[in-house]
Amino acid sequence: MQVQPLADLLNGLGVPAAGSIASAVVFVVVFALVYVLGKAIVLPIVDRSLKSRDLDTHARRPLKKVVSIGIVFVAISVAFGMAEYGNFLQSLATIAAAATLAIGFAMQDVIKNFVAGVFIYTDKPFRIGDWIEWDGNSGVVEDISLRVTRVRTFDNELLTVPNSNLTDGVIKNPVAKDQLRLKFVFGIDYDDDIDEATEIILDEARAHPGIMDDPEPSVRLVELGDSSVGLQSRIWIENPSRSDFVKTRAEYVKSVKQRFDAEDINMPYPNRTIGGGLEMTGLDSVVEPADD
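Conventions and cut-offs
- Residues numbered from 1 in each chain as written.
- Predicted model: local features only at pLDDT ≥ 70, side-chain atom pairs only at ≥ 80, totals over all residues.
- Heavy atoms only, no water.
- Helix = DSSP H or I, 4+ residues; strand = E, 2+ residues; numbered from the N terminus.
- Buried < 20%, exposed > 50% of the residue type's maximum accessible area, 1.4 Å probe, protein only.
- Contact = heavy atoms within 4.5 Å.
- Areas by Shrake-Rupley, 256 points an atom, 1.4 Å probe, with all protein chains shown as cover.
- Core = buried A, V, L, I, M, F, W, Y, C linked by side-chain atoms within 4.5 Å.
- Patch = residues over 30% accessible without salt bridge, like charges linked within 9 Å, V, L, I, M, F, W, Y side chains within 5 Å.
- Salt bridge = Lys/Arg side-chain N within 4 Å of Asp/Glu carboxyl O.
- Expected span 1.5 Å × (residues − 1).
- Arc of directions from axis to C-beta.

Enquirer: Whenever I open this one, the overall build of the protein chain confuses me. Can you help?
Expert: Along the backbone of the protein chain there are eight helices and seven strands. The burial tally for the protein chain puts 30% of its 292 residues in the buried class. Within the protein chain, contacts between residues separated by at least 24 positions form 60% of all contacts whose residues are at least 6 apart in sequence. When the accessible surface of the protein chain is split by element, carbon and sulfur atoms take 56% of a total near 19000 Å².

Laid out in C-alpha cells, this is it:
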C-alpha cells in the first residue's frame with residue numbers, strides 16, 4: 001500500500017487534508033499487518049525454540065515479552081517508512097538523545113530491577129513454586145518478571161517484591177535441594193538420664209515415616225541452661241516444602257513430648273525465686289506529733 005495513490009483517491013473525493021489522512025491510514029494498516037503476522041509466525045517459532053532448550057516457564061515468559069516488544073518495534077519502523085513519515089530510526093535516535101538524561105534519572109530503579117531480574121533468570125537462586133525467605137519475610141514464589149517477583153505468604157498475602165531487593169541481600173531457599181535438615185532442642189531436667197532421653201528422641205525419629213533413615217537422625221548435647229539440659233535433635237526430610245516441614249516437625253516434637261511424659265522425664269521451664277528482706281533505718285529520727 002502506497003501513500004500517493006491513496007492521497008489522490010481521497011483528493012478526488014474532495015476529502016480535506018488528503019495527504020495526512022492517507023499517511024495515517026497507511027501507517028495503521030501496515031502496522032496492524034506486520035504486528036499480526038509477527039505474533040502469528042515469529043512468537044510460535046520462538047516459543048518452540050525456547051522449549052527445546054528446556055528453559056523454565058518463568059524464564060520463557062520474559063523472553064517472549066521481549067520478542068513481542070521487538071515485533072512492535074519492527075511494525076512501527078516498517079509502518080513509518082511506508083507512511084512516508086521519514087526514517088523512524090533516525091527520528092527515534094533524535095528523540096532518545098534529547099530525553100536520555102531525564103529518562104535515566106526517572107528510570108534508575110526500573111533499570112536496577114530489570115538488571116536484577118536478568119540475574120535471577122541466569123543464576124536461578126529460586127524458581128516458581130519455591131519457598132524462600134528474605135529480610136524477615138517468607139512465602140512461595142508465584143511469578144517472576146523482569147521487574148518484580150510476586151510471593152504468596154503463608155498467611156495468603158501477596159507480596160510484590162522489586163527484584164533488586166532479592167539480589168542485594170541474602171535469600172534462603174530451603175527447598176532448593178532434595179533434602180532438608182531440621183533441628184530442635186529438647187530441654188530436660190538436670191536430674192533426668194541424658195542417655196535415656198537421647199534414646200527416646202532417636203526412637204521417635206526412626207518411627208516417624210516422614211523422617212529419613214539416611215542420613216540418620218542424631219542427638220547432641222548443646223547447652224547447659226539455667227533450668228535445663230539442651231539436647232538438639234537433627235533430622236532429615238525428603239522433598240521438602242513448607243507444609244511438610246511444619247507438619248513433620250510438629251508431629252515429631254509431639255511424639256517425643258508424649259514419650260517423655262510416659263517415662264517421667266521432665267521438660268522444665270525457667271523459673272525465678274525472689275528472696276531477701278526490707279530493712280528500714282532512721283525511724284528514731286521521725287518526729288511524732290505532740291499531744292495537745
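Okay, back to it.
Enquirer: Before we go on, may I ask you to explain the nonpolar core in this structure?
Expert: For soluble globular proteins, nonpolar side chains are generally found buried alongside one another. Grouped together as the largest cluster of nonpolar side chains are 23 residues, with contacts concentrated most on Phe186, Ile188, Ile201, Tyr252 and Phe260. Secondary-structure elements contributing two or more residues to this core are β5 (179–188), α7 (194–207), β7 (229–238) and α8 (242–262). If we skip the residues at most four places from it in the chain, isoleucine 201 touches Phe186, Val219, Leu231, Ser233, Tyr252, Val256 and Phe260. The next biggest cluster of nonpolar side chains, apart from the first, holds eleven residues, and it includes Tyr121, Phe126, Ile132 and Val141.

Enquirer: Hey, could you run me through a nonpolar patch on the surface in this one?
Expert: On the surface, a nonpolar cluster with roughly 420 Å² of combined accessible area is contributed by Ile111, Phe114, Val115, Val118 and Phe119. With respect to the secondary-structure elements, valine 115 resides in helix α5 (residues 108–123). The partly exposed category is assigned to valine 115, whose relative accessible area is 38%.

Enquirer: Just to check I follow, could you spell out α5 for this structure?
Expert: Since the α-helix advances by 3.6 residues per turn, residues separated by three or four positions end up pointing in the same direction. Across its 16 residues, α5 extends 22 Å between first and last C-alpha, which sits within 8% of the 22 Å expected from 1.5 Å per residue. Buried within α5 are the following residues: Asn113, Ala116, Gly117, Ile120 and Tyr121. Across the axial projection of α5, the buried residues extend over an arc of 145 degrees, all falling on one side. In α5, those exposed residues whose orientation departs by more than 90 degrees from the buried face are Thr122 and Asp123. Just downstream of α5 lies lysine 124, where phi reads positive at about 55 degrees.

Enquirer: What's the story with the side chain of aspartate 143 in this structure? I'm lost.
Expert: Take aspartate 143: it is sitting in strand β2 (residues 137–144). Discounting chain neighbours no more than four positions away, the residues touching aspartate 143 are Arg61, Ile128, Val148, Thr149 and Arg150.

Enquirer: Would you mind going over the pattern of salt bridges with me for this structure?
Expert: Think of it this way: side chains of opposite charge can pair up when their charged atoms draw near. Tallied over the full model, the rule gives eight salt bridges. Among the ionic pairs, glutamate 142 bridges to arginine 152, the shortest N-O distance being 3.1 Å. Residue glutamate 142 is located in strand β2, and its partner arginine 152 is located in strand β3 (residues 148–152); the two are separated by ten residues in the primary sequence. You can call glutamate 142 partly exposed: its relative accessible area is 39%. Owing to a relative accessible area of 25%, arginine 152 belongs among the partly exposed residues under this scheme. Via salt bridges that share partners, Glu199, Asp203 and Arg206 belong to a single interconnected network.

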